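Here is how the chains run, residue by residue.
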Amino acid sequence: MEYLKVIAFTHHHIDLKSLGKLVICDQSLDSRLKNIQSELPVSEIFYIGTCNRVEFVFLTKEKTDKEFVTRFLTVLDMGLPPEFMERFLDNVTVYENEEAFNHLLRTSCSLESLVVGEKEILAQIRRAYESCRDAGFTGDYMRMIMDRVVKTAKEVYTHTNISKNPVSVVSLAYRKLKELNMCGNSRVLIIGAGETNQNIAKYLNKHKYSNFSVFNRTLAKAESLAEELNGKAYPLTALEDFKEGFDVIITCTGATEAIIDEKLYAKLLNGDTSKKVIVDLAIPNDVAPAVIHNNPVHYIEVESLKEVARKNIQERYNELVHAEDIISNNITEFFSVLKQRRIEIAMQEVPRKIKEIKNTAINGIFAEEISQMDEASREVLERVMNYMEKKYISVPMVMAKEILVNQS
């Protein structure tokens, strides 16, 4: 595990608005990770971007000191002003080797989340990994890491009470909405059709809200969510011309700057002066500050939910001990699994070599003797050779694994 590294920027050390400057949009992710692999000695990598963390999980033999992190951010080419670059370098957390693995496990089990016990983080990490895997950025080593990450998280959520009555950012936002006692036919604009908005929309739909208009950069995703909600779907560009009014805006996109400014908001109001509700779960925020300051709104955002989240962390503190025991046991188990896998890889040539030896014996060294056998004898010999071949392949591997496990 000596090559596993994590570069992490999280809500623990960086305010959420600044953290938004490190978010990589889907359209540019592949090119940025390709730059990393072409410019730096990084063999496997995947990117995690959520509402309160940006992390890069990768394999490299290089020491991940400040110089390496500086090169890493420079190659990413995020267009960071010098003052932000310094701020991020001063507040980055770097994990190496077993510490990196432990961090990944803790994160997937929500022990590092804004709200301990929220299960969304496991799904987010899995999707982040699978996206990069499908794009060719990860290989066998990261596959094993992620298999163990998923296994550990499931054990924690199943065998502890850490996620009992979960209070995720989404459910916190929904509770805030519920406190406003909106009627079931409130006109709800959903901007962005990603996981966060899907989850909060399902909460609303489950509780009898029924008037949804879904906007998304990719129309197909908007249509998919709108179909579930029995609502209408629009491309994101259609916001400019939307005249049907609204009572609630729920927005969470991957945009790197505000998408709802005063001009667009005035168009959406279309002369309506009543107080509106805005739920902005994007990082950075999708709604420009001027919209909030200059209009009558109930404004709900991630930052405002942090205090409630802190109380939940304290309430679930007793479960952390049990979760950490499960994580520790999985780390110990994984070392054994990893060693076995290394033997498998090292011995991948064994089957091919044994087949070569068999073919040489039959077709070369003993070819003349075999040719003098009758057909029945040759069939028996072939069956014996095939049996021996299988045993010569499987037995050494099993013995090697047993020796390794016993040594451990």
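Treat the numbers as computed from the prediction; the structure is a model and nothing was measured.

### Comments concerning the sheet that holds strand β6 (residues 211-216)
In spatial order, the strands read β7-β6-β5-β8-β9-β10; together these 6 strands make up an open sheet with parallel pairing. Each edge of the sheet is formed by a strand with only one pairing partner; in this case those strands are β7 (232-235) and β10 (297-301). Averaged over all neighbouring strand pairs, the angle between strand axes comes to 15°, with direction disregarded. As paired strands, strand β9 (residues 276-280) and β10 are joined by 5 bridges and run parallel to one another. Residue pairing across strands places K276 opposite V297, the latter belonging to β10.

### Description of the domain arrangement of the protein
Entries for the protein in the domain assignment read domain 1 (3-165), domain 2 (169-303) and domain 3 (340-407). With 13 residues of domain 1 at the contact, the number on the domain 2 side is 15 residues. Buried area between domain 1 and domain 2, both sides added, is near 1200 Å², and the carbon and sulfur share of it is 55%. Linking domain 1 to domain 2 there are 2 salt bridges. Two residues, E195 and R127, come together in a salt bridge whose shortest N-O distance is 2.3 Å. Along the contact surface separating domain 1 from domain 2 lie 2 residue pairs in polar contact (both at pLDDT 80 or more). Going through the elements one at a time, α1 (16-19) and α6 (120-134) are the ones with two or more residues in the side of domain 1 that touches domain 2. Tallied by class, the residues present in the side of domain 1 that touches domain 2 amount to 7 nonpolar, 3 polar and 3 charged.

### Let's talk about the pattern of salt bridges
Scanning the model with the defined rule gives 20 salt bridges in all. Ionic pairing is found between D134 and R133, a salt bridge with its closest N-O pair at 3.1 Å. Looking at D134, the relative accessible area reads 59%, which means it is exposed. Classification of R133 as partly exposed rests on a relative accessible area of 37%. Here E356 and R352 are joined by a salt bridge, their closest N and O atoms 2.5 Å apart. Taken as a pair, E356 and R352 lie in helix α15 (residues 349-365) at a separation of 4 residues, close to a single helical turn. Connected via shared salt-bridge partners are R148, K151, E155 and E333.

Cut-off values and rules
- Residues numbered from 1 in each chain as written.
- Predicted model: local features only at pLDDT ≥ 70, side-chain atom pairs only at ≥ 80, totals over all residues.
- Heavy atoms only, no water.
- Pairing = 2+ DSSP bridges.
- Helix = DSSP H or I, 4+ residues; strand = E, 2+ residues; numbered from the N terminus.
- Axes fitted to C-alpha atoms, helices over the stretch in contact; angles between N-to-C directions.
- Domains from an automatic or database assignment.
- Contact = heavy atoms within 4.5 Å.
- Buried area = accessible area lost by both parts, 1.4 Å probe.
- Salt bridge = Lys/Arg side-chain N within 4 Å of Asp/Glu carboxyl O.
- Polar contact = N/O pair within 3.5 Å; in protein donor to acceptor, adjacent residues only side chain to side chain.
- Nonpolar A, V, L, I, M, F, W, Y, C, P; charged D, E, K, R; others polar.
- Buried < 20%, exposed > 50% of the residue type's maximum accessible area, 1.4 Å probe, protein only.

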